[in-house]
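Structure at a glance
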2 protein chains.
Amino acid sequence: MRLTRAGEYGIRCVRHLAIHGQGKLVSRKEIASRTEVPPHFLAKIAQQLARAGIIEILQGANGGYRLLNDPAKITLLAVIEAIIGEISLNDCVGRPESCRDSALCTVHRVWNKANQQLRATLQEADFATLAREDACCLTSFP
Amino acid sequence: MRLTRAGEYGIRCVRHLAIHGQGKLVSRKEIASRTEVPPHFLAKIAQQLARAGIIEILQGANGGYRLLNDPAKITLLAVIEAIIGEISLNDCVGRPESCRDSALCTVHRVWNKANQQLRATLQEADFATLAREDACCLTSFP
DNA sequence: TCTATATAAGACTAAAAACATCTTATATGT
DNA sequence: ACATATAAGATGTTTTTAGTCTTATATAGA
């Protein structure tokens, strides 16, 4: 697992939308400038979020992005995995076939446990909470 | 954080040494072939493990590597961090200065918790245990 | 209907990191 | 002295990440 820049940007984007509330349309331009994400890069990230059913993209004049669901229902895990794919701390966890016998592998078992914990922690965090307080990472409201 | 190939190889190396027991000298050649790690790459990894005080390197004819401590005292965390540096799931965690106000950042707080959990889980795993049972990843004994 | 504005989609490029190898030097046992 | 083993760092290759650019498409409003 590795939180890439794209993943970080995806979080910023959803958090910014969450601050405005579900269904509120915000232009890509505004999101990009407020969260300091390169606009074209944000476009790609938004497409992934849209495919994952997290946001809706409206084209045309006065277009933009908006959250499809209640921020309280959107987890940090869902956003991250929409961007970087399912989290796996090492290959052993994500692709059992890369192990000779992953069911018995003591090392594997540790990774597996760590991976489950990590995903659980990220799943507990929802964007209603994440948007509520002031936060670093350039995503706070005016 | 990302478990690189080098990290994975470091684990294989220490596990192989742990199977032989503390203080037992094993040649780089044997470790490399048994764990399927490129010999020259293993040399670099071994140097990092040596700098971290995990193994001792003996030069010259009949040289090789050996564990300095009881495998039960060597944690998965120590080995991984000897190779890839201190684990941090995102920049926010590892470099608080990259946040405007990391103490208040709700996103940061989630990462921080996840990071602590991950390190704790990896610290609980020791190489006496990891070496005990059959395992995948090419590190089992003859 | 035409135009301005906005995003879509994917090709393309640059930079960084990962992965590995190669070469020269140094240490040790016989 | 010689054979064998690792040290150390330069070098090269591949993959991934990060970001940009271009052409196409959709929409609001004059």
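First things first, this report covers the structure right here in the doc. (Residues numbered from 1 in each chain as written. Chains lettered and ligands numbered in written order. Predicted model: local features only at pLDDT ≥ 70, side-chain atom pairs only at ≥ 80, totals over all residues. Heavy atoms only, no water.)

1. Quick word on the nonpolar core
Heads up, the rule is: As used here, the term nonpolar core means buried Ala, Val, Leu, Ile, Met, Phe, Trp, Tyr and Cys residues forming a set that is joined through side-chain atoms within 4.5 Å. When a residue's accessible area, from a 1.4 Å probe over protein chains only, is under 20% of the maximum for its type it is buried; when over 50% it is exposed; and in between it is partly exposed. Any pair of residues with heavy atoms lying within 4.5 Å of one another is described as a contacting pair.
Counting residues in hydrophobic clusters, the biggest one holds 83 residues, and the most contacted among them are L49 of chain A together with L49 of chain B. Sequence-distant contacts of L49 of chain A, defined by excluding residues within four places in its chain, comprise G10, C13, V14, I54, I55, V79, A82 and I83 of chain A.

2. Considerations on the protein's contact with DNA strand D
This is how it is decided: Proximity criterion: a residue is near a molecule or strand once any of its heavy atoms comes within 4 Å of it. Distance and chemistry together define a polar contact, namely a pair of N or O atoms within 3.5 Å, with one atom able to donate a hydrogen and the other to accept it when in protein, and with adjacent residues in sequence counting only for side-chain atoms on both sides. Every helix listed is a DSSP run of H or I at least four residues long, and every strand listed is a run of E at least two residues long, numbered separately from the N terminus.
As a matter of local geometry, DNA strand D sits amid 27 residues, with R5 and Q59 of chain A together with R28, I57 and Q59 of chain B nearest to it. For DNA strand D, the backbone makes up 70% of the atoms found within 4 Å of the protein, where backbone means sugar plus phosphate. At 3.2 Å from a base oxygen of DNA strand D is found a side-chain nitrogen or oxygen belonging to K44 of chain A. The backbone of A61 of chain A places a nitrogen or oxygen atom 3.2 Å from a base oxygen of DNA strand D. Among the secondary structure elements, those contributing two or more residues to the surface near DNA strand D are α1 (5-20) and α3 (39-51) of chain A together with α2 (28-35), α3 (39-51), β1 (55-58) and β2 (64-67) of chain B.

3. A closer look at α1 of chain A
One turn of the α-helix equals 3.6 residues, which is why residues spaced by three or four share an orientation. Residue and element names in this part refer to chain A. Where we set the bar: Take the residue count of a helix, subtract one, and multiply by 1.5 Å to get its expected span.
Taking 1.5 Å per residue, 16 residues should reach 22 Å; α1 reaches 23 Å between its end C-alpha atoms and fits that length. Of all 16 residues in α1, 13 are buried, a share of seventy percent or more. Directly beyond the C-terminal end of α1, a positive phi value near 100 degrees is found at G21.

4. A closer look at the side chain of D126 of chain A
Turning to its location among the elements, D126 of chain A is positioned in the loop between α6 (106-124) and α7 (127-132). At a separation of 2.9 Å, a polar atom in the side chain of D126 of chain A contacts the main-chain amide nitrogen of A128 of chain A.

5. Some words on the protein's contact with DNA strand C
We apply this condition: Amino acid classes used here: Ala, Val, Leu, Ile, Met, Phe, Trp, Tyr, Cys and Pro are nonpolar; Asp, Glu, Lys and Arg are charged; the rest, including Gly, are polar.
Around DNA strand C, the surrounding shell holds 27 residues, and the nearest of these are R28, I57 and Q59 of chain A together with R5 and Q59 of chain B. If you look at DNA strand C and keep only atoms within 4 Å of the protein, 68% of those are sugar or phosphate atoms. Backbone polar atom of A61 of chain A to a base oxygen of DNA strand C: 3.5 Å apart, as the coordinates give it. R5 of chain B places a main-chain nitrogen or oxygen 2.8 Å from a phosphate oxygen of DNA strand C. Residue assignment for the surface near DNA strand C shows that the elements contributing at least two residues are α2 (28-35), α3, β1 (55-58) and β2 (64-67) of chain A together with α1 (5-20) and α3 of chain B. Grouping the amino acids of the surface near DNA strand C by side-chain chemistry returns nine nonpolar, twelve polar and six charged.

6. Notes on the side chain of T35 of chain B
With respect to the secondary-structure elements, T35 of chain B resides in helix α2. Within the structure, the side chain of T35 of chain B is placed 2.6 Å from the backbone oxygen of I31 of chain B, a separation counted as a polar contact.

7. Quick notes on the pairing of β2 of chain A
All names here are of chain A. The line we're drawing: Being paired, for any two strands, means DSSP has found at least two bridges between them.
Relative to β2, β1 is paired through four bridges, and the arrangement is antiparallel. The residue of β2 that forms the bridge with E56 is R66. Hairpin connection from β1 to β2: five residues lie between these consecutive antiparallel strands, with G60 at a positive phi of about 80 degrees.

8. What about unusual backbone geometry?
The phi torsion at N62 of chain A lies on the positive side, around 55 degrees, for a residue other than glycine. Within the secondary structure, N62 of chain A sits in the loop between β1 and β2. Backbone geometry places E36 of chain B, a non-glycine residue, at a positive phi of 55 degrees. When you line up the elements, E36 of chain B lands in the loop between α2 and α3.

9. Some remarks on the packing of aromatic side chains
All names here are of chain A. The criterion, for reference: What counts as a ring pair is set by centres within 6.5 Å for rings of Phe, Tyr and Trp (its six-membered ring), and what kind of pair is set by the plane angle: stacked under 30 degrees, edge-to-face over 60, tilted for all other angles.
In total, this model carries two aromatic pairs over all chains according to the counting rule given. Ring centres of Y9 and F41 lie 5.6 Å apart, and the angle between their planes is 85 degrees; on these two criteria the pair is classed as edge-to-face. Of this pair, Y9 sits in helix α1 while F41 sits in helix α3, and the two are 32 residues apart along the sequence.

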